Amino acid sequence: MSGRACRTALLPLSFVCAAFFATSARAQFEEPDTIPRFSIGPTVEVVFRGVRGELRGGAGNVSFGGGPPVGARADYRLTRTLAIGAAGSWARLNEKLESSISTSTGPGKLTQWQVSGELMLKVKPNIPGYFILGGGVRYMIPDGDDPGDYWHNAEAFTDGVGVLGAGVELGSRRRRTFKFDFRLYLVSPSDQLDIETKSVSLDFALGLSLMFRL
């Protein structure tokens with residue numbers, strides 16, 4: 001993870017932390033029974049992906065690049081301070097090899113499917129900020145089966161994922177709300193033939209959701 005990416009991720013994190021001390025959105029003042037408990041909506045994330053491991057032979061570090069994950073999530077409010085959520089997303093990825101002198105992109109493409117479950121905890125009911133704790137899996141599917149096109153295995157593999165983060169509700173109303181989230185994904189890369197994988201790879205993600213309360 002470059003220093004620039006880390007600084008970029010810290011700015012929204014500071015905003016999220018400050019939201020815990022901000023005044024509540026209008027919906028927060030409504031009687032809790034008038035706000036629907038279940039919500040669902042589309043999501044999009046910008047992900048700063050970390051190093052997954054080193055190519056055997058010391059040629060460089062391997063990581064993923066590519067487009068943002070898009071998907072959907074569903075949340076259910078158990079109490080005024082605790083909610084549970086489930087999310088799924090899709091993304092198109094490529095491989096990157098970074099050495100001390102250059103960065104190259106592999107010819108092969110992959111599709112990532114991610115499924116996760118989360119707990120969202122508020123410090124106080126009238127504060128729109130919340131903390132996130134959860135976990136899930138990522139299912140990676142290479143487009144082709146030619147090992148020469150990939151540094152990873154040229155067959156589907158699965159990574160385990162832990163989730164830590166924080167978020168805030170923006171423009172909250174009785175029937176809809178926006179959610180701005182910061183997540184730290186603790187990825188456990190699966191074993192690869194040509195890569196000495198790390199025990200944990202860190203991804204930073206900034207996410208936005210439009211949730212419709214039903």
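Just above, that's the structure.
Read on for a plain summary of the structure. All values reported here derive from a predicted model rather than from experimental measurement. (Residues numbered from 1 in each chain as written. Predicted model: local features only at pLDDT ≥ 70, side-chain atom pairs only at ≥ 80, totals over all residues. Heavy atoms only, no water.)

### Concerning the overall build of the chain
Move 1: Looking only at helices and strands, the chain has one helix and eleven strands in total.
Move 2: Going from the N terminus to the C terminus, the chain shows its helices and strands as α-β-β-β-β-β-β-β-β-β-β-β.
Move 3: In the chain, which comprises 214 residues, the share counted as buried stands at 45%.
Move 4: Taking all contacts inside the chain whose residues are at least 6 apart in sequence as the whole, residues at least 24 apart take part in 67%. (Helix = DSSP H or I, 4+ residues; strand = E, 2+ residues; numbered from the N terminus. Buried < 20%, exposed > 50% of the residue type's maximum accessible area, 1.4 Å probe, protein only. Contact = heavy atoms within 4.5 Å.)

### So, the packing of aromatic side chains
Move 1: Applying the stated criterion across every chain, the model contains one aromatic pair.
Move 2: Sitting over the ring of Tyr-185, Arg-138 keeps its end group 5.0 Å from the ring centre.
Move 3: The ring of Tyr-130 carries the charged tip of Lys-179 above its face, separated from the ring centre by 5.2 Å. (Phe/Tyr/Trp six-rings, centres within 6.5 Å; stacked < 30°, edge-to-face > 60°. Lys NZ or Arg CZ within 6 Å of the ring centre and 35° of its normal.)

### Quick notes on the nonpolar core
Move 1: Listed in full, the ten residues of the largest apolar core are Val-47, Ala-83, Met-120, Tyr-130, Ile-132, Val-161, Val-163, Tyr-185, Val-187 and Ala-205.
Move 2: Counting only elements with at least two residues in this core, the list comes to strand S7 (129-142), strand S8 (157-170) and strand S9 (176-188).
Move 3: Residues in contact with Val-163, not counting those within four places in the same chain, are Glu-118, Ile-132, Leu-133, Gly-134, Gly-135, Arg-183, Leu-184 and Tyr-185. (Core = buried A, V, L, I, M, F, W, Y, C linked by side-chain atoms within 4.5 Å.)

### Quick notes on the side chain of Ser-201
Move 1: Relative to the assigned elements, Ser-201 resides in strand S11 (residues 201-213).
Move 2: Residue classification places Ser-201 among the buried residues on the basis of a relative accessible area of 2%.
Move 3: Side-chain polar atoms of Ser-201 contact the backbone oxygen of Val-51, separated by 2.9 Å.
Move 4: Residues contacting Ser-201, with those up to four places away along its chain left out, are Gly-50, Val-51, Arg-52, Tyr-185, Leu-186, Val-187 and Pro-189. (Polar contact = N/O pair within 3.5 Å; in protein donor to acceptor, adjacent residues only side chain to side chain.)

### So, the pairing of S7
Move 1: Sheet topology places strand S6 (residues 103-121) next to S7; twelve bridges connect them, and they run antiparallel. Along S7, the bridge assignment pairs Val-115 with Val-137.
Move 2: Both S7 and S8 contribute to a ladder of twelve bridges, which runs antiparallel. Residue pairing across strands places Gly-134 opposite Val-163, the latter belonging to S8. (Pairing = 2+ DSSP bridges.)

### Structural notes on the pairing of S8
Move 1: Sheet analysis places S8 next to S9, joined by eleven bridges and oriented antiparallel. Bridged to Leu-170 within S9 is Phe-178.
Move 2: Where S8 folds back onto S9 in an antiparallel hairpin, the turn is made up of five residues, including Gly-171, whose phi is positive at roughly 60 degrees.

### Some thoughts on the pattern of salt bridges
Move 1: In this structure the tally under the stated criterion is eleven salt bridges.
Move 2: Measuring nitrogen to oxygen at the nearest pair gives 3.3 Å for the salt bridge that ties Glu-169 to Arg-213. Highlighted residues: Glu-169 in strand S8 and Arg-213 in strand S11, separated in sequence by 44 residues.
Move 3: Using a relative accessible area of 11% as the deciding quantity, one classes Glu-169 as buried.
Move 4: Among the ionic contacts, a cluster of salt bridges with common partners joins Glu-45, Arg-73, Asp-75, Glu-118, Lys-179, Asp-181 and Arg-183. (Salt bridge = Lys/Arg side-chain N within 4 Å of Asp/Glu carboxyl O.)

Spatial relationships are all this shows, so hold off on functional conclusions.
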